Amino acid sequence: VQLQASGGGLVQAGGSLRLSCAASGNIISDKHMGWFRQAPGKQRELVASITVVSITNYVDSVKGRLTISRDNAKNTVYLQMNSLKSEDTAVYYCAARNSGRRTYDYWGQGTLVTVSS
């Protein structure tokens, strides 16, 4: 499956963005999906994930501000980002993993989110 992330950009602190991850080549309805981010000088971290039955999980630093969702009919996963902070500045990647696997095997190219304070 090929993943294409989009929707990044420059936003002021307190603002909102919605990232999209469009899949092609295979359906995502049978895959768990995740959004990762990597800030300059930091390790990549998983910020939000959604299972095939839409159970979601978030890293503590984004709870209540970021929301992951999926539209299997559109083969797309979203990350709604509200109340953005400067520390949310990073390259955001979407990824997919097959049920039963712990690792994410499919990755998008990343989209840059810059939050100005």
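Rules used throughout
- Residues numbered from 1 in each chain as written.
- Predicted model: local features only at pLDDT ≥ 70, side-chain atom pairs only at ≥ 80, totals over all residues.
- Heavy atoms only, no water.
- Buried < 20%, exposed > 50% of the residue type's maximum accessible area, 1.4 Å probe, protein only.
- Helix = DSSP H or I, 4+ residues; strand = E, 2+ residues; numbered from the N terminus.
- Pairing = 2+ DSSP bridges.
- Salt bridge = Lys/Arg side-chain N within 4 Å of Asp/Glu carboxyl O.
- Lys, Arg positive; Asp, Glu negative; His and termini not counted.
- Polar contact = N/O pair within 3.5 Å; in protein donor to acceptor, adjacent residues only side chain to side chain.
- Contact = heavy atoms within 4.5 Å.
- Axes fitted to C-alpha atoms, helices over the stretch in contact; angles between N-to-C directions.

### Things to note about the pairing of strand β4 (residues 31-38)
Counting buried residues in β4 gives seven out of eight residues, a clear majority hidden from the surface. Where β4 lies against strand β9 (residues 90-98), eight bridges are found, and the strand directions are antiparallel. Bridge assignment links H32 to a residue of β9, and that residue is R97. With antiparallel pairing between neighbouring strands as the criterion, β4 and strand β5 (residues 45-50) make up a hairpin whose turn holds six residues, including G41 at a positive phi of roughly 75°.

### A few points about the pattern of salt bridges
Counted by the stated rule, this structure contains six salt bridges. In this structure, the salt-bridge partner of D60 is K63, at a minimum N-O distance of 3.0 Å. With its nearest N and O atoms 2.7 Å apart, the salt bridge here joins D88 to R65. Note that D88 is positioned in the loop between β8 (76-81) and β9 and R65 in the loop between β6 (56-58) and β7 (66-71), a separation of 23 residues in sequence. Take D88: its relative accessible area is 0%, and that puts it in the buried class. Since its relative accessible area comes to 9%, R65 is described here as buried.

### Points about the side chain of R70
Topologically, R70 is positioned in strand β7. Here R70 sits buried without a salt bridge, and the closest side chain of opposite charge, D30, lies 6.7 Å off (N-O distance). From its side chain, R70 meets the backbone oxygen of T51 in a polar contact 2.8 Å long. One polar contact links R70 to N72, side chain to side chain, over a distance of 3.0 Å. Not counting the four nearest positions on each side in its chain, R70 is found in contact with I28, S29, K31, H32, M33, I50, T51, V52, S54, T76 and V77.

### Section: the sheet that holds strand β1 (residues 2-6)
Judged by pairing direction, the sheet is antiparallel, and its four strands sit side by side in the order β1-β3-β8-β7 without closing on themselves. Either end of the sheet is taken by a strand with one partner, and the two such strands are β1 and β7. Looking at each pair of strands side by side, their axes are set apart by 15° on average, direction ignored. Of the strand pairs in this sheet, strand β3 (residues 17-24) and β8 are connected by six bridges, and their pairing is antiparallel. When the bridges of β8 are listed, L17 appears paired with M81.

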